[in-house]
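Breakdown of the fold
As a plain string of letters, each chain reads:
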Amino acid sequence: MSLNRTADNASQQQQPPQQLKSTTIVKYEKSSCLFCNEWFDAQTFTEHLIHCGQVLEECPNSCHVFIPRIRMRSHLKECPRSKQSQQQQQSQRLSVSMERLDQHSDHRVPVLEQDVSTIRSVLNEEIRQRLHLITDVGNIRKQNQVVEDWTRETDHNLLELRKQLDIESAQRAFAIEQNQADFQYCCNLTQSLKEQVNIKLDELQQHINQLSADVSYHQNQLNDNIIKLEEIVFENERLNRDKFVQIEQFLQEINEDLKTKLGSGDFATSKQATLDYEVKNVKSILLETEERCDKLSNIVENLDKTMHQTMQNIADIENQLAMQQRISSVQNIRGHLIWRIKDYSKKLEEAKQYDSILHSAMFSNKAYGYALRLDIYLNGKGTWKGRNLIACLNVLSGEYDPLLPWPCRLQAEIIIRDQSGIEQDAQDYVKIIQVRKKSDDYIQSNQYFHIPHRVITSRNYLRNDSLYVEVKVIK
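Calculation notes
Residues numbered from 1 in each chain as written. Predicted model: local features only at pLDDT ≥ 70, side-chain atom pairs only at ≥ 80, totals over all residues. Heavy atoms only, no water. Helix = DSSP H or I, 4+ residues; strand = E, 2+ residues; numbered from the N terminus. Buried < 20%, exposed > 50% of the residue type's maximum accessible area, 1.4 Å probe, protein only. Contact = heavy atoms within 4.5 Å. Areas by Shrake-Rupley, 256 points an atom, 1.4 Å probe, with all protein chains shown as cover. Salt bridge = Lys/Arg side-chain N within 4 Å of Asp/Glu carboxyl O. UniProt positions renumbered as here; feature names shortened; annotations may be inferred. Core = buried A, V, L, I, M, F, W, Y, C linked by side-chain atoms within 4.5 Å. pLDDT = per-residue confidence, 0-100. Patch = residues over 30% accessible without salt bridge, like charges linked within 9 Å, V, L, I, M, F, W, Y side chains within 5 Å. Lys, Arg positive; Asp, Glu negative; His and termini not counted. Charge placed at Lys NZ, Arg CZ, Asp CG, Glu CD. Polar contact = N/O pair within 3.5 Å; in protein donor to acceptor, adjacent residues only side chain to side chain. Arc of directions from axis to C-beta. Pairing = 2+ DSSP bridges.

An unreviewed UniProt entry annotates the protein as Traf-like originating from Drosophila busckii.

Structure below.
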């Protein structure tokens, strides 16, 4: 009976998962014994159940006790019902219960079958629950293993994060200290620069005042010289006019004399020679007067150019002074400049007449970098004069020259912007220029580039009498 029950249990354990539950199906390569809790392969599991010593079997002496196989012999020795007593009791019971069995035999068999089926169902349910428990225990062990691995990895990551946090905190503290030191240095440097700028502003103001006084003095002298020259020219014109009148009178007298004294050849010859001499003298006087007038006109023209250049220098100095004031507060340190040249036609005429130069605002290629300025000759220079625009990028003396690397080597793009207003149709005119300077106290040999006037007047480079020139320092 125990073997049948064990086999039934094994068959119940080896039933397919569809007969247990349809919710979750878990398949394992090994199974555990329900009696000894040892794991076996699917092939050896059934054989193990036949020979397992922990399988429960009912006592053959009908003492209603289920004993493991391994302890059955010791139990038989200690069983209170021996074979003799069992035979006596059976004989007594047989005599007593024969009649009862005859009466109740038909009723006992179905009851016993029902009890057996109940016990089997209970055992099957216990086996199912035990399988579920084993499965849950395995899942819990796997989850615990995963949790332990995750915890270990998390602890390792937390340790690494703490180390990185400590390193970053130290770096930030050092950076804060360094920034504070740099800020203090910048404040001190700014204060010293402000003092130097104020001193230079005062010197420039004094220089401008002196230049203004000199310009006023030279302008007064120029006006006086112009007035004197005009008086001399008027006087020379009056004298020449009087001489012309005298010459005409003299010629009339000669003509009258010639008419009255035609008979005398010697007298006509002498008069003709005298007349030729007087005419030569008059011509020489006229030539001298013209030369003096030309010289005076050249002097006036040179004085006019000098005065215009002086006025332009004063305007440049005032612009530089204003730029220095702006630089003391905000600096163009991006290496990028957009310069709008207004009244292009007027400035071009001034350049044709006075050879004037246009200077852009000062800017720098980077923070605490080189001081740069773009200079433009609208009417050209040298052999390019009259047909082209000539420009160059100058490296000026700056505040931070002792801290900068020398020689200076820069490359920049000079762009004439197309003002078409449509980005897809715009075609800017681009020139690449190399800027080199040996040292901060060395005179720079400028590299010039030219743009023909016909290019500037083409497309939309010149619009509303304004020209936009852009400078980008590449490196």
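1. Quick notes on the overall build of the protein
Of regular secondary structure, the protein possesses 7 helices and 14 strands. The buried share of the protein, reckoned over its 475 residues, is 25%. Put simply, 61% of the contacts in the protein that link residues at least 6 apart link residues at least 24 apart. Roughly 33,600 Å² of accessible area belongs to the protein as shown, and the carbon and sulfur atoms make up 52% of that amount.

2. Structural notes on the pattern of salt bridges
Any two side chains of opposite charge can pair, so long as their charged atoms come close to each other. Applying the stated rule across the entire model yields 9 salt bridges. Close ionic contact of Arg172 with Glu168 constitutes a salt bridge, the shortest N to O distance being 3.0 Å. Taken together, the residues Arg172 and Glu168, both in helix 4 (residues 83-260) and 4 residues apart, mark about one turn of the helix. The closest approach of N and O atoms between Asp355 and Lys385, which form a salt bridge, is 2.9 Å. With Asp355 in the loop between helix 6 (344-354) and strand 6 (358-359) and Lys385 in the loop between strand 8 (371-377) and strand 9 (388-396), this pair connects stretches of sequence that are 30 residues apart.

3. Describing the UniProt feature "coiled-coil region" (unreviewed entry) in the protein
The positions that UniProt labels "coiled-coil region" (unreviewed entry) are, in the present scheme, residues 194-221 and 286-320. From the first C-alpha to the last, residues 194-221 spans 39 Å; its make-up is 100% helix and 0% strand.

4. As for the nonpolar core
Among the nonpolar cores identified, the biggest contains 34 residues, and Leu372, Leu374, Ile376, Leu378, Leu389, Leu467 and Val469 are the most heavily contacted of them. Counting residues in hydrophobic clusters, the runner-up holds 6 residues, among them Phe40, Phe45, Cys52 and Val55.

5. Considerations on the environment of Leu131
Along the chain, Leu131 falls in helix 4. We classify Leu131 as partly exposed; its relative accessible area is 22%. In this structure, the C-alpha to C-alpha distance between Leu131 and Ser32, residues 99 residues apart in sequence, is 8.7 Å.

6. Some thoughts on the environment of Ile333
One can find Ile333 in the loop between helix 5 (265-329) and strand 5 (336-341). Of the residues examined, Ile333 reaches a relative accessible area of 32% and is grouped as partly exposed. Expressed as a C-alpha distance, the spacing of Ile333 and Gly369, which sit 36 residues apart in the sequence, is 7.5 Å. If near-sequence neighbours (up to four positions away) are discounted, Ile333 is found in contact with Ser364, Asn365, Lys366 and Ala367.

7. Digging into the confidence of the model for the protein
Residue-level pLDDT values for the protein average 77, and 81% of them are 70 or greater. The element-level mean pLDDT for the protein is lowest in helix 1 (residues 2-13), coming to 41, with strand 14 (residues 466-473) highest at 94. Note on residues 1-27: pLDDT under 50 across the span, and 30 contacts to partners over four residues away in sequence or across chains.

8. Points about a negative patch on the surface
Negative charge collects at one region of the surface, where Glu288, Glu290, Glu291 and Asp294 lie side by side. Among the secondary structure elements, Glu288 is positioned in helix 5. Taking relative accessible area as the criterion, Glu288 reaches 45% and is therefore assigned partly exposed.

9. With respect to unusual backbone geometry
Here Trp406 and Pro407 are connected by a cis peptide whose omega angle stands at 0 degrees. In this fold, Pro407 is placed in the loop between strand 9 and strand 10 (408-416). In this structure, Asp355 is a non-glycine residue whose phi angle is positive, near 55 degrees. A positive phi angle, close to 60 degrees, is found at Tyr368, a residue other than glycine.

10. Some details on the side chain of Gln419
Relative to the elements of secondary structure, Gln419 occurs in the loop between strand 10 and strand 11 (429-437). On the accessibility criterion, Gln419 (16% relative accessible area) is buried. A polar atom in the side chain of Gln419 sits 3.1 Å from the backbone oxygen of Ser466. Dropping the residues within four chain positions of it, Gln419 is found in contact with Asn460, Tyr461, Leu462, Arg463, Ser466, Leu467 and Tyr468.

11. A word on the side chain of Gln411
Among the secondary structure elements, Gln411 is positioned in strand 10. According to the relative accessible area criterion, Gln411 is buried, its value standing at 17%. Residues in contact with Gln411, not counting those within four places in the same chain, are Ile432, Ile433, Gln434, Lys472, Val473, Ile474 and Lys475.

12. Some points on helix 6
Inspection of helix 6 places Tyr344, Leu348, Ala351 and Tyr354 among the buried residues, and these make up the whole buried set. The buried residues of helix 6 occupy an angular sector of 155 degrees when projected down its axis, which confines them to one face.

13. Here we look at the pairing of strand 5
Burial of the side chains of strand 5 is restricted to one face: Leu337, Trp339 and Ile341 are buried, whereas none of His336, Ile338 and Arg340 on the reverse face is. Sheet analysis places strand 5 next to strand 14, joined by 6 bridges and oriented antiparallel. Its bridge partner lying in strand 14, Arg340 is registered against Tyr468.

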